[in-house]
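Residue-level listing of the chains:
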Amino acid sequence: MKNNYLVSILILCLTFEVRAQQIQITGTVTSSEDKAGLPGVNVIVQGTSTGTVTDVDGTYALEVAGESAVLVFSSVGYLQEEVTVGSRTLINMVMSPDITSLEEIVVVGYGTMKKSDLTGSLTSVSADDYQLQPITRIDQALQGRAAGVTVTQTSGAPGAGYKIRIRGANSISGNNAPLYVIDGLVVGDMNSINVNDIASMEVLKDASATAIYGSRGANGVVLITTKSGGKGPAKIEVETFYGVSKVTQKLPVMTPAEFAEGVNFAEGTEFYTSDEIADLRNGGGEDWHERFFREAPFSNLQLSVSGGSDAINYFVSGNLYNADGTLRNQNYKRYSVRTNINATLSKKIGVGLNAYFSREEETGVRANLYQGLTWDPTTPAFNETGDYNFVPLKPGVGNGAINQLVAPENNVRENFNHQIIANGYFKYNFRDDLELNVSGGLERLDRNNNSYTSILVNQIGAAKVFNQGITRLQNTNRLTYTWNKNSNHRLQIDAIHEQQFVKAQGTEAEASGFFSDNTTYKNLGLGAIQRTTSKAYPNGTNNPVSESLQSFLGRVNYSLFDKFLFTASIRADASSKFAENSRWGYFPSGSFAYRISDEAFIQGIEIIDDLKLRVSFGQIGSQAIEPLTRRAIPIIDTIVNYPFEGEASTIGVAPSNRLANPDLTWETTTQGNIGFDIGLWDSKLTLSLDLYQKKTTDLLLDRVLPSYVGPTVVTQNVGEVENKGFDLRLGATILDTDDWHVSSILSVSKNNNKVLALVDDIELMELGLVYQTNTFPVNPTAVQLGKPISTFRGYVFEGVYQLGEEDEAARYGKVPGQARYKDINGDTLITSDDIVTVGDGNPDFTWGWNWTVSWKKFDLNFLLLGSHGNDIYNFTRMRMMGLGAAQFHAVHADYNNRWTPSNPSEIPSGRDGTEFLSSQFIEDGSFVSMKNITLGYNFDFPGNNFIESLRIYASAENLFIITDYTGFDPEATASGSSDVDLGIDLNAYPINRSYSVGLKFMF
């Protein structure tokens, strides 16, 4: 019995001992830089699985087994800290940045490296640079934030893409878009990619950086890295915003009464009586701006879940974006889902899989603005019974088109695009210094474009359905050897084999002659006339089309004393687009960097903490032509059908209009670059400056053949183009205290483009879009020797002949009040010989200035954009001034100030003698805009186990534009992504001004 008591007392004592050793520890983890709390820091009891993670304020709490316990504090980018508990219950920790690990890691071609080790020219844009703004596209994130990269919003249509050029345009007739690589996979379409999935983007600009991509890197490379999960429990983020868009401004038009008076003046007779004009002044007529435009709502919903452990991490996201167009009857929807998984299976093996799916829906037919805004404003859109007024109430007034509301309100357009991107990798470490990475992926694009033209529009009804499928396959095998056993020498060698295959095929079906609009495009069998064509692309005639690329490349990176850095690479590409004897292209590059800041004579200068000189040189190729360009493919199409013996047409075959060229080969760009990077005052002020010159030779250019040859065109390697300029990036941390943070990044780009040679030493080629004048088609742009790729052509407008200049006017068949043009050759005739260069759509320089300001829990981010020195051919104004095909009368408010004997203005009194192409319609397109501004407030929820943080914000896009341009806005263009038609404004979709509010939760 006594022994039982002793045992009980012993157990009780041991229990008290154990309980006494359980100690509750609390504390706060802060950063040594700004003293702010650090969320997400792992606090682990050494040697156990016991631990926790700091909350949004950096606080933590956990129990330890006794005073001898050791707490280990760890977080990515900070030095690991350890502390013995001892007798304390409150343990605060200040963590210092790990300079080695914090040193910015950037993605380069086929790998990563520290930014300080870069020898080439690269611009990096991370999610941190734009995450405060409610943007929906990747190109929006790049705009104004990457030096050397020009991002232009050419259309305000919902879902419309942007035009991106890196250091100018290299090719005249080829594609100048950069190469897009998402997680190592080359993709053909990034329009539907969800920007919220992006962790960082690196833009490769010089030959050293881009030559590793060989034949596809001539126009620069955009490397996109998507997000992955981090170690720790699941993190859930939800963001939603809602807003409204409207056009930035209206064009100045005459009132209906003023228009009627202008018609009477122009016709020299009373088309409109004084009573009719009085009725128009009292509210008659139509406001076509109000008919075509509207306030358009848009919304976005983003959800992501991420997390992981030492062995595996994941990132899953979904997005829904919905936007109406500011032009009526248009809508765009995008749905997307992404899953990224990475796993470490053992010390030697790592695998990963990224999958992305998106669906785009584009519906509605846009109004034709250049005909709609110049239609008769004295005729209401609808009559008293609610039916359309199809034609003006007074015949011959306005223009020759029908009421431009009929088409967008009755025609049908329903386009559906599906994109799948899937890629994975297998990584095996043979040794610590030797790694094999095998990756593969595919991109599948399926497009279903459907349209129907109503019987109300063309009297017969016409439907078209186009289905297209594009498949891209890629396999990359990379072997990397790394040697860094000596602190004075570091070496990395990459050997890579890569293969790609692309196949496109499609079918186009058309029908016309419908008896009703009810079925639209959904039953082509109801059309009286039907036709089906197999074609890979909407404007092509061949089906299917395929291309392939085989590549071998090698790269060596060598560091001497961490001061002298060398990179050399060579890539060999074989493209199926070229014949066997000219299929292979070889593209070498080399670069050198010198870390001057490591020298003793610099280290003595306290304000300088980083200074590096970079030099690079290399060649890159381009195969930016269609797969069958070198061949002469017979034409099989309904246009060559023939009714033998008067019977039904037989399918015809005709010789190709293209002459074969088996010697066609690579377009080659040679580029040199010199730059430097400097950091001052603990890198609170940083500057990167690059000067470059690149020359593109053996251009893939179409030569027009004489008619007696038979074929009309052949593609040859002829011509040269030069681009030279500079990129500048200036970053500054202006204020950084406990409450305040103010920083900015200024990016400036200047590029001079010049054509050095053309076909057969000719000095001018007309390659742009053709526009209709009063009598015949003309080309307002030209590619000219010694000038940029795109320049404007026209007569030099010198004003209006005034009273007292009758004799001078008579020499040219004119009278006072008519337009006066410069007689270039002095032959007293104004002919096409007097057409000269009257403008240039290329800017002298562009810039973007991104600011981030925070005060306590408020944050403010805004982006200013500028473009200077570019001209715009304002054909919209030309049309509104009464010129152009089937345009009978002016509607522009400037016509109120037309020349009369009592009003000696410089605006011609009428259409007669006024030229379509002239400097009268060239305007300065320079602008400064507040592209985006966002103000937010952050809420914290300490101790809440459900929600960590909440941010609310309000945002405005295109809040203001400072410009002398008189059109809708200086960015929108009718030429889209073309580089030989820069700055044409005719029927362009105006850019919008939008306002939005949003919420972002983190759980």
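Residues numbered from 1 in each chain as written. Predicted model: local features only at pLDDT ≥ 70, side-chain atom pairs only at ≥ 80, totals over all residues. Heavy atoms only, no water.

Examining the overall build of the protein
- When helices and strands are counted, the protein shows 13 helices and 55 strands.
- What you see for the protein is a C-alpha radius of gyration of 33 Å, in line with the 30 Å of a compact globule of 1003 residues.
- Across the 1003 residues of the protein, 50% fall into the buried class.
- Looking at the protein alone, contacts between residues at least 24 apart form 68% of all its contacts between residues at least 6 apart.
- When the accessible surface of the protein is summed, it comes to about 44,200 Å², and 56% of that surface belongs to carbon and sulfur atoms.
- When the 79 positive and 112 negative side-chain charges of the protein are each reduced to one mean point, those points stand 6 Å apart. (Helix = DSSP H or I, 4+ residues; strand = E, 2+ residues; numbered from the N terminus. Rg over C-alpha atoms; globule rule 2.2 N^0.38 Å. Buried < 20%, exposed > 50% of the residue type's maximum accessible area, 1.4 Å probe, protein only. Contact = heavy atoms within 4.5 Å. Areas by Shrake-Rupley, 256 points an atom, 1.4 Å probe, with all protein chains shown as cover. Lys, Arg positive; Asp, Glu negative; His and termini not counted. Charge placed at Lys NZ, Arg CZ, Asp CG, Glu CD.)

Side note on a nonpolar patch on the surface
- Together, Ile734, Leu735, Trp740, Trp855, Phe858 and Leu935 give the surface a local cluster of nonpolar side chains, amounting to about 550 Å² of exposed area.
- As for its placement among the helices and strands, Leu935 is situated in strand 51 (residues 927–940).
- Given the relative accessible area of 46%, Leu935 is considered partly exposed. (Patch = residues over 30% accessible without salt bridge, like charges linked within 9 Å, V, L, I, M, F, W, Y side chains within 5 Å. Salt bridge = Lys/Arg side-chain N within 4 Å of Asp/Glu carboxyl O.)

Quick word on helix 5 (residues 256–267)
- End to end, helix 5 covers 16 Å across 12 residues, agreeing with the expected 16 Å (1.5 Å per residue, within 8%).
- Along helix 5, the residues classified as buried are Pro256, Ala257, Phe259, Ala260, Gly262, Val263 and Asn264.
- Considering only its buried residues, helix 5 is in contact with helix 6 (274–281).
- Gly268 sits one or two residues past helix 5 and shows a positive phi near 70 degrees. (Expected span 1.5 Å × (residues − 1).)

Quick notes on empty space enclosed by the protein
- Applying the stated rule across the entire model yields 8 cavities of 30 Å³ or more.
- The volume enclosed by the largest cavity comes to roughly 840 Å³.
- Looking at the lining of the largest cavity, its residues break down into 15 nonpolar, 24 polar and 10 charged.
- In this structure, the second largest cavity occupies an estimated 420 Å³ of space.
- Along the wall of the second largest cavity there are 30 residues; nearest its centre are Thr136, Gln140, Ser245, Tyr321 and Glu957.
- Examining the composition of the lining of the second largest cavity, we find that 4 residues originate from one element, strand 55 (residues 992–1002), more than from any other. (1 Å grid on protein atoms, 1.4 Å probe; cavity = no way out; pocket = protein on both sides within 12 Å on 5 of 7 lines; lining within 4 Å. Points joined across faces, edges and corners; volume = space filled by probe spheres on them. Nonpolar A, V, L, I, M, F, W, Y, C, P; charged D, E, K, R; others polar.)

Structural notes on the packing of aromatic side chains
- What the rule picks out here adds up to 31 aromatic pairs.
- When the centroid spacing of 4.9 Å and the interplanar angle of 35 degrees are considered together, the rings of Phe875 and Phe916 count as tilted. With Phe875 in helix 13 (residues 875–880) and Phe916 in the loop between helix 13 and strand 50 (922–924), this residue pair connects regions lying 41 residues apart in the sequence.
- Ring pairing ties together the aromatic residues Trp740, Trp855, Phe858, Tyr937 and Phe939, which thus form one cluster.
- The ring of Tyr272 is capped by Lys394, whose NZ or CZ atom sits 5.2 Å from the centre of that ring. (Phe/Tyr/Trp six-rings, centres within 6.5 Å; stacked < 30°, edge-to-face > 60°. Lys NZ or Arg CZ within 6 Å of the ring centre and 35° of its normal.)

Some remarks on the pattern of salt bridges
- The final tally for this structure, using the stated rule, is 39 salt bridges.
- Between Asp494 and Arg555 there is a salt bridge, with its nearest N and O atoms 3.2 Å apart. Of the two residues, Asp494 sits in strand 25 (residues 489–512) while Arg555 sits in strand 27 (residues 545–560), which places them 61 residues apart along the sequence. In terms of burial, Asp494 and Arg555 fall into one category: buried.
- Put simply, Glu547 and Lys577 hold a salt bridge, and the shortest N to O gap is 3.6 Å. One end of the pair, Glu547, is in strand 27; the other, Lys577, is in the loop between strand 28 (564–575) and strand 29 (584–595), with 30 residues separating them in the sequence. Accessibility assignment for this pair places Glu547 and Lys577 in one class, buried.

Some words on the side chain of Asp573
- Position of Asp573 relative to the elements: it lies in strand 28.
- By relative accessible area, which is 0% here, Asp573 ends up buried.
- Within the local environment of Asp573, its side chain forms a polar contact with the side chain of Arg571, the two groups lying 2.9 Å apart. (Polar contact = N/O pair within 3.5 Å; in protein donor to acceptor, adjacent residues only side chain to side chain.)

Focus: the sheet that holds strand 43 (residues 791–794)
- If you trace the 4 strands from one edge of the open sheet to the other, you get 39-42-43-46, paired in antiparallel fashion. Whereas interior strands pair on both sides, the edge strands pair on one side only; in this sheet they are strand 39 (764–765) and strand 46 (836–840). (Pairing = 2+ DSSP bridges.)

A short note on the nonpolar core
- Counting residues in hydrophobic clusters, the biggest one holds 44 residues, and the most contacted among them are Tyr272, Phe292, Tyr873 and Phe875.
- Residue assignment for this core shows that the elements contributing at least two residues are helix 5, helix 6, helix 7 (288–292) and helix 13.
- Tallying contributions element by element places helix 5 first for this core, with 4 residues.
- Apart from residues no more than four positions distant in its own chain, Tyr272 is found in contact with Phe259, Ala260, Val263, Asn264, Ile277, Leu280, Asp376, Thr378, Lys394 and Val397.
- Of all hydrophobic cores here, the second largest spans 27 residues; its members include Ile135, Ala146, Tyr180 and Met201. (Core = buried A, V, L, I, M, F, W, Y, C linked by side-chain atoms within 4.5 Å.)

Focus: the side chain of Asn196
- On the secondary structure map, Asn196 appears in the loop between strand 14 (185–187) and strand 15 (198–204).
- Apart from residues no more than four positions distant in its own chain, Asn196 is found in contact with Lys227, Glu239, Asn300, Gln302 and Asn319.

Things to note about the pairing of strand 9 (residues 111–114)
- Relative to strand 9, strand 8 (residues 105–108) runs antiparallel, the two sharing 4 bridges. Within strand 9, the position partnered with Val107 by the bridge is Thr112.

Describing the confidence of the model for the protein
- The predicted model of the protein averages 88 in pLDDT, with 94% of residues at 70 or higher.
- Note that pLDDT drops below 50 for residues 1–20; the model gives that stretch 0 contacts with residues more than four away or on any other chain. (pLDDT = per-residue confidence, 0-100.)

Quick look at the sheet that holds strand 15
- Pairing is mixed in the open sheet, where 5 strands are placed in the order 10-15-16-13-14. Two strands in the sheet have a free side with no partner beyond their single neighbour: strand 10 (122–126) and strand 14. Neighbour to neighbour, the strand axes of the sheet diverge by 25 degrees on average, direction disregarded. (Axes fitted to C-alpha atoms, helices over the stretch in contact; angles between N-to-C directions.)

Topic: the environment of Val783
- Positionally, Val783 belongs in strand 42 (residues 781–784).
- Once the C-alpha coordinates of Val783 and Met95 are considered, the two residues, 688 residues apart in sequence, prove to be 60 Å apart.

What about the packing of helix 5 against helix 6?
- Two elements in contact, helix 5 and helix 6, have axes separated by 7 Å at closest approach and are oriented at 155 degrees. As summarised for this structure, helix 5 and helix 6 are arranged roughly antiparallel, according to the angle between their axes. Here helix 5 contributes Pro256, Ala257, Ala260, Glu261 and Asn264 to the contact with helix 6, which in turn contributes Ile277, Leu280 and Arg281.
- Among the residues forming the contact of helix 5 with helix 6, the class breakdown is 5 nonpolar, 1 polar and 2 charged. (Parallel < 35°, antiparallel > 145°, perpendicular 65-115°, else oblique.)

What about unusual backbone geometry?
- Here Arg167, not a glycine, exhibits a phi torsion of approximately 55 degrees, which is positive.
- Mapped onto the secondary structure, Arg167 falls in the loop between strand 12 (163–166) and strand 13 (179–182).
- Of note, the phi angle at Asp183 is positive, near 55 degrees, even though the residue is not glycine.
- The partly exposed category is assigned to Asp183, whose relative accessible area is 22%.

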